[in-house]
Amino acid sequence: MKPLAYRIRPKAFEDIVGQDHLVGPKGVITKMLASNQLCSLILYGPAGCGKTSIAEIIASHYSLNSYNFNASCDNKAKLKDIAEAARLYDNVILIIDEIHRMKKDVQDFLLPYVESGSLTIVGLTTENPYRAINPAIRSRTHIYRLNEIKKEDILNLLQKTIQNENMKNISQEILNYIAIASSCEIRSSLNMLEIANMLDEEELTLDNVKALIGKKSFAIDGEGESYYDIASAMIKSIRGSDPDAAVHYLARLLKSEDIEFIARRLMILAYEDVGLGNPSVGPRVYAACHTALEVGLPEARIPLSYAAIDLATSPKSNSAYLAIDAAIEDLDNLTSMQIPPHILNKELKSGKVTYKYPHDYEGGYVSQQYLPEELQNKKYYQAKDTGAYERGVKEFMQRLKNKSNT
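Residues numbered from 1 in each chain as written. Predicted model: local features only at pLDDT ≥ 70, side-chain atom pairs only at ≥ 80, totals over all residues. Heavy atoms only, no water.

In this fold, A136 is placed in helix α8 (residues 135-138). Judged by its relative accessible area of 21%, A136 falls in the partly exposed class. Between the C-alpha atom of A136 and that of D108, which follows or precedes it by 28 residues, the distance is 8.0 Å. (Helix = DSSP H or I, 4+ residues; strand = E, 2+ residues; numbered from the N terminus. Buried < 20%, exposed > 50% of the residue type's maximum accessible area, 1.4 Å probe, protein only.)

Here it is in structure tokens:
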């Protein structure tokens, strides 16, 4: 029997989860199909968010021959055969999976066919096409980003699938675990649901599902805290210049063994919250995170701890983050902008948050508790005097401590 995720693959846009901006009633791709227009597209977004399903629905809408090409394993000879078919049929649709892996000479081969309209491509990628795809191909396509799937969308999909497929009754606790353990990927969550459905009714407990799925129990801790809540606590602890809380929450995140997730958030934080306050921290965090990815666990905990402490003990500046957001806001809201030949001057606006945002206070710091109550005075990191940089760190942290005590 074919896997559940394959059997229930969406056949219409209304079955697509979480992508209403593209395929909802007012979505741009919905309107494209309604007007019977056909344009070359590149769809990019995280794994398991519906790219392939959208591409296949697009192809099924038109009375044209369609072909599939996987850039990671198919060769140029197959592409030449498809191009020959395009000559015979005047126009064909080509779905290119992992288009970012397509070699430059193969992309160049496609250009005249895409240019003439004899071959309409729908490229699919998890990578940013503005970095990973030939500019000549990009200029001949419309590029659309797919959203990450939210937990609520996954839960709704799982409930709907259980009902439509006449599956066993599965508790909300187990469905919550599947949604988080799958990292909110549609395909992964459905695969996990199918495995859970293999258990007998009396065996359908959270512990049995965890064992069957083979994931560590990282999604929800004893107090019901979400994995993503712990990640948020780590980020806020680093932003608040508390290395001890940062290391504590990092240790909790490491139980997931999801190094890539942790590394991505640390690298983003290096430029969002430390930024120009300590310009050299970005390359250091990048190197530490890639070392962690290279060596794997258990050793990866060391460079990740290094990165978290380095970020937490750095002076903070969010000027780069505010600048790019202000620029993007202007691009979204203004229709006519003449670029001057000199410097663009953008107004910066900060958003509201629910906790004491350190950047809103003098010196980029405000005293508040980050560690849990029972670990309030715990000190994991002690700055040493062996190097000029860390001596500066020690002085910086002492200044924060003095400020807290005044």
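The subject of this paragraph is the pattern of salt bridges. A pair can form between side chains of opposite charge whenever their charged atoms are brought close. Counting across every chain of the model gives 11 salt bridges. For D15, the salt bridge is made with K160, and the minimal N-O distance between the two is 3.8 Å. Residue D15 is located in the loop between α1 (4-7) and α2 (20-23), and its partner K160 is located in helix α9 (residues 151-164); the two are separated by 145 residues in the primary sequence. Take D15: its relative accessible area is 33%, and that puts it in the partly exposed class. Across the pair R101 and E98 runs a salt bridge whose closest N-O atoms are separated by 2.6 Å. (Salt bridge = Lys/Arg side-chain N within 4 Å of Asp/Glu carboxyl O.)

With that out of the way, let us pick up the packing of aromatic side chains. Counting across every chain of the model gives one aromatic pair. Centroid distance F109 to Y113: 5.5 Å. Interplanar angle 45 degrees. Geometry classified as tilted. You can see F109 and its partner Y113 sitting in helix α6 (residues 104-116), four residues apart, about one turn around the helix. (Phe/Tyr/Trp six-rings, centres within 6.5 Å; stacked < 30°, edge-to-face > 60°.)

The next subject is the layout of surface pockets. Estimated volume of the largest pocket: approximately 1,400 Å³. Surrounding the largest pocket, 37 residues form its lining, P46, E148, E260, R264 and R265 being those nearest its centre. Among the elements that line the lining of the largest pocket, the one with the most residues is helix α15 (residues 259-274), at six residues. (1 Å grid on protein atoms, 1.4 Å probe; cavity = no way out; pocket = protein on both sides within 12 Å on 5 of 7 lines; lining within 4 Å. Points joined across faces, edges and corners; volume = space filled by probe spheres on them.)

As a further point, take helix α4 (residues 51-61). Of all the residues in α4, the buried ones are K51, S53, I54, A55, I57, I58 and A59. Elements that come into contact with the buried residues of α4 comprise α2, α3 (28-34), β1 (41-44), β2 (66-70), β3 (92-97) and β4 (119-125). (Contact = heavy atoms within 4.5 Å.)

Of all hydrophobic cores here, the largest spans 50 residues; its most connected members are F13, I29, L43, I54, I58, I170 and L193. At six residues, helix α10 (residues 172-181) tops the list of elements feeding residues into this core. Among all residues touching L193, those that are not within four sequence positions of it are L4, L158, T161, I162, M167, I170, L175 and I178. Ranked by size, the runner-up nonpolar core spans 32 residues in total, among them I230, A246, A270 and C289. (Core = buried A, V, L, I, M, F, W, Y, C linked by side-chain atoms within 4.5 Å.)

A separate point is the sheet that holds β2. Sheet strands pair by backbone hydrogen bonding; their relative direction is either parallel or antiparallel. In space, the five strands of this open sheet follow the order β2-β3-β4-β1-β5, with parallel pairing throughout. One side of each edge strand has no neighbouring strand; the edge strands of this open sheet are β2 and β5 (142-145). With strand direction ignored, the average angle separating the axes of adjacent strands in the sheet is 15 degrees. Relative to the sheet, α4 contacts β1, β2, β3 and β4, its axis offset from that of β4 by approximately 165 degrees. (Pairing = 2+ DSSP bridges. Axes fitted to C-alpha atoms, helices over the stretch in contact; angles between N-to-C directions.)

Another point: unusual backbone geometry. In the segment running from L297 into P298, the intervening peptide bond is cis, with an omega of 10 degrees. Secondary-structure assignment places P298 in the loop between α16 (281-295) and α17 (301-312). Backbone geometry at N36 places phi at a positive 60 degrees, although glycine is not the residue there. Structurally, the position occupied by N36 is in the loop between α3 and β1. Within the chain, N166 stands out as a residue other than glycine whose phi angle is a positive 55 degrees.

This part covers the packing of helix α5 (residues 76-89) against α6. At a minimum axis distance of 11 Å, the contact between α5 and α6 shows a crossing angle of 0 degrees. The angle between α5 and α6 falls in the class roughly parallel. Contacts between α5 and α6 involve K76, L79, K80, A83 and R87 on the former and, on the latter, D105, V106, F109, L110 and Y113. In the contact of α5 with α6, the residues fall into six nonpolar, no polar and four charged. (Parallel < 35°, antiparallel > 145°, perpendicular 65-115°, else oblique. Nonpolar A, V, L, I, M, F, W, Y, C, P; charged D, E, K, R; others polar.)

This next bit is on helix α14 (residues 243-254). Over its 12 residues, α14 extends 16 Å from the first C-alpha to the last, a length consistent with the 16 Å expected when each residue adds 1.5 Å. Burial analysis of α14 places 10 of its 12 residues in the buried class, which makes it a mostly covered element. Considered for burial, the residues of α14 that qualify are P243, D244, A245, A246, V247, H248, Y249, L250, L253 and L254. Regarding α14, its N-cap is D242, as a side-chain oxygen of that residue lies 3.2 Å from the backbone nitrogen of D244 further along. (Expected span 1.5 Å × (residues − 1). Polar contact = N/O pair within 3.5 Å; in protein donor to acceptor, adjacent residues only side chain to side chain.)

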